[in-house]
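# Analysis of the macromolecular model
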Amino acid sequence: MGKYIMSFDAGTTSERAIIFDRSGRIVSLAQKEIKQYYPQAGWVEHDPMELWSAQLGVAVEAMSKAGIGVEDIEAIGITNQRETTIVWDKESGLPVCNAIVWQCRRTTKLCEELAPYKDMIREKTGLVIDPYFSATKLKWILDHVEGAAEKAEQGKLLFGTVESWLIWKLTKGRVHVTDYSNASRTMLFNIHELKWDEEICALLGIPMGMLPEPVPNSTVYGESDPAFLGGAVKIAGAAGDQQAALFGQKCFRPGDIKNTYGTGCFLLMNIGEKAVLSKNGLVTTVAWGIGGKNVYALEGSVFMGGAVVQWLRDEMGMLASAPESEELARKVEDTAGCYIVPAFTGLGAPYWKPEAKGIITGLSRGVGRCHIIRAALDSIVYQVNDLVQAMAQDAGEELKELKVDGGASSNDYLMQMQADISKVKVYRPECVETTALGAAYLAGLAVGFWKDEEDIVKCSGGSGCFEPQMEEAEREKHIKGWSEAVAMLTR
Ligand code: ADP
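This section reports on the structure supplied with the text. None of these values were measured; they are calculated from a predicted model.

Counted under the stated rule, the structure contains one cavity of 30 Å³ or more. Space inside the largest cavity adds up to approximately 120 Å³. For the largest cavity, the lining is made up of 16 residues, of which Val302, Leu347, Gly348, Ala349 and Gln383 are closest to its centre. Elements represented by at least two residues in the lining of the largest cavity include exactly β18 (293–302) and α13 (369–395). Tallied by class, the residues present in the lining of the largest cavity amount to 10 nonpolar, five polar and one charged.

Right, let's talk about the packing of helix α11 (residues 307–314) against α13 for a bit. For the pair α11 and α13, interaxial distance at closest approach is 9 Å and the crossing angle is 160°. It follows from the interaxial angle that α11 and α13 lie roughly antiparallel. As α11 runs across α13, the sense of the crossing is right-handed. Residue-level contacts link Val308, Val309 and Leu312 of α11 to Ile372, Ile373, Ala376, Leu377, Ser379 and Ile380 of α13.

Formed by 134 residues in total, the largest nonpolar core has its most connected members in Leu188, Met210 and Tyr261. If one sorts the elements of this core by residue count, α13 sits on top with 15 residues. Counting the residues that make up this core, at least three belong to each of domain 1 (4–241) and domain 2 (250–429 + 461–491). Beyond its immediate sequence surroundings of up to four residues, Leu188 is in contact with Thr125, Ala135, Leu138, Lys195, Trp196, Asp197, Ile200, Cys201, Leu204, Ile206 and Leu211. Met6, Trp52, Ile73 and Leu229 belong to the second-largest nonpolar core, a separate cluster that totals 39 residues.

Okay, the pairing of strand β21 (residues 401–405) next. Strand residues, when the strand is regular, have side chains that alternate between the two faces of the sheet. The element β21 is largely enclosed, with a buried count of four among its five residues. As defined by bridge partners, strand β15 (residues 257–261) adjoins β21 across three bridges and the pair is classed as parallel. Each bridged residue has a counterpart across the sheet, and for Asn259 the counterpart in β21 is Val404. In the sheet, β21 pairs with strand β22 (residues 425–429) via three bridges, with the strands oriented parallel. In the strand pairing of β22, Leu402 is matched with Val426. Tracing the backbone out of β21, into helix α14 (residues 412–422) and back to the parallel element β22 gives a crossover that is right-handed.

A sheet is described by the order of its strands in space; here seven strands give the open sequence β17-β18-β16-β15-β21-β22-β23, paired in mixed fashion. The sheet is open, and its two edges are formed by β17 (283–290) and β23 (463–466), each paired on a single side. Each strand axis lies, on average, 30° off the axis of its neighbour in the sheet, ignoring direction. Of the pairings in the sheet, the one linking strand β16 (residues 265–272) to β18 comprises seven bridges and is antiparallel in character. From the neighbouring strand, Leu267 faces β18, where its bridge partner is Gly300. Contacting β15, β21, β22 and β23, α14 runs over the sheet at an angle of about 145° to β22.

Criteria and thresholds
Residues numbered from 1 in each chain as written. Predicted model: local features only at pLDDT ≥ 70, side-chain atom pairs only at ≥ 80, totals over all residues. Heavy atoms only, no water. 1 Å grid on protein atoms, 1.4 Å probe; cavity = no way out; pocket = protein on both sides within 12 Å on 5 of 7 lines; lining within 4 Å. Points joined across faces, edges and corners; volume = space filled by probe spheres on them. Helix = DSSP H or I, 4+ residues; strand = E, 2+ residues; numbered from the N terminus. Nonpolar A, V, L, I, M, F, W, Y, C, P; charged D, E, K, R; others polar. Axes fitted to C-alpha atoms, helices over the stretch in contact; angles between N-to-C directions. Parallel < 35°, antiparallel > 145°, perpendicular 65-115°, else oblique. Left-handed = near helix turned anticlockwise from the far one by under 90°. Contact = heavy atoms within 4.5 Å. Core = buried A, V, L, I, M, F, W, Y, C linked by side-chain atoms within 4.5 Å. Buried < 20%, exposed > 50% of the residue type's maximum accessible area, 1.4 Å probe, protein only. Domains from an automatic or database assignment. Pairing = 2+ DSSP bridges. Right-handed = clockwise from strand over helix to strand, strands pointing away.

Right, dumping it as structure tokens:
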């Protein structure tokens, strides 16, 4: 048995390869940024060939940095930016156009036209109709790329999200699959039956022959062609980035919950083996399917998470760096009654007010730079708390623990405030590469590198814990202030 598992982490801004040992520790990491294309306002694209070549490049680099050969790698696991849509020619292996990235809003109008079908789509896919998901992006390609619809009808084109594309490339076109977690973000997938939905495909005019075969998250899909890495390696696991992070955080029990503090925030809760629909504006998604058992998750996202700190740094010029926000926020005792609602791109769950714009409330003469910075960090906390409370309501019980990761989770002020406002213990793992780790665990389980979930629980992952400390009256005062600020937008 090889000594390591390699993860491919195909993110939105970079492609990374990380090699893990049996204790879940990082042995080496290589990373390459990818170019972002913005052909029009609100449009975002990637070059699929660049995603593939960058991914292959970092894989080789990671192995060479660690001084190991392909025979030392037992399996590859893949995690990826979800929803991003690629269509390619089966014969030539070339994409018919750039990948349409999850952030791209070009199909907003099309989504509005689908409104009459929203209940049917929600029932089947667990999602709300939004340009975010792959379905309308795929339809856009078929409608706008010359000859694409015809070729797709003739079975000459294939569709895939990024993991599907990478697996097809790695196996030299032998394997065309997508894992359940990625499939469940396409808005074409029936999450109860784990099948592509004929009715939705017909509604959008998508030939089902171009769709990849949906497969579980932890199983051997095929082997990489020996030409690429100097030998064949099993590709044994895949999951979308947020589901992979849920797995990497070892959220194996129903009620376990994690939040990733990146540009945006993504909160996911394991809800067990039944796909319950949220009554509080969250979406339902497949977390993973392993060994015949399928686990679902509720998901909520905050559009402006760490991005509000970037805004203070880049647009407002209040910070030299993101980490400086912690030191400056601590220079004042509170926000002097000031609240920021960073609804720069609308308000997401649980409010769903796409037209809302941001506001700062409670300004008095004494409010200075540090108060504003503190209010900005607090705004991340309040938005995450709104999702935590929505999940608690759906779950029918108070949540006690929150596992965290992502770039902004290194901010201790932010984490303590989250523990205080949400009244939960906040656990931050030592290894914050939870997404890649999750993909490694999935692949490792499939090949017996790790025996079972218990074996994974034993892996390294000692974490720091932030306990709630705030007085109840103060907590309520803060939450009331935030609710009043949000109410100004939602009235
Ligand atoms: P992504 O994966 O979305 O690119 P990362 O997980 O790398 O994001 O996190 C980067 C985000 O976190 C940025 O928006 C940045 O402003 C924010 N950030 C990073 N470090 C800190 C910090 N110490 N305090 C507050 N925000 C931070």
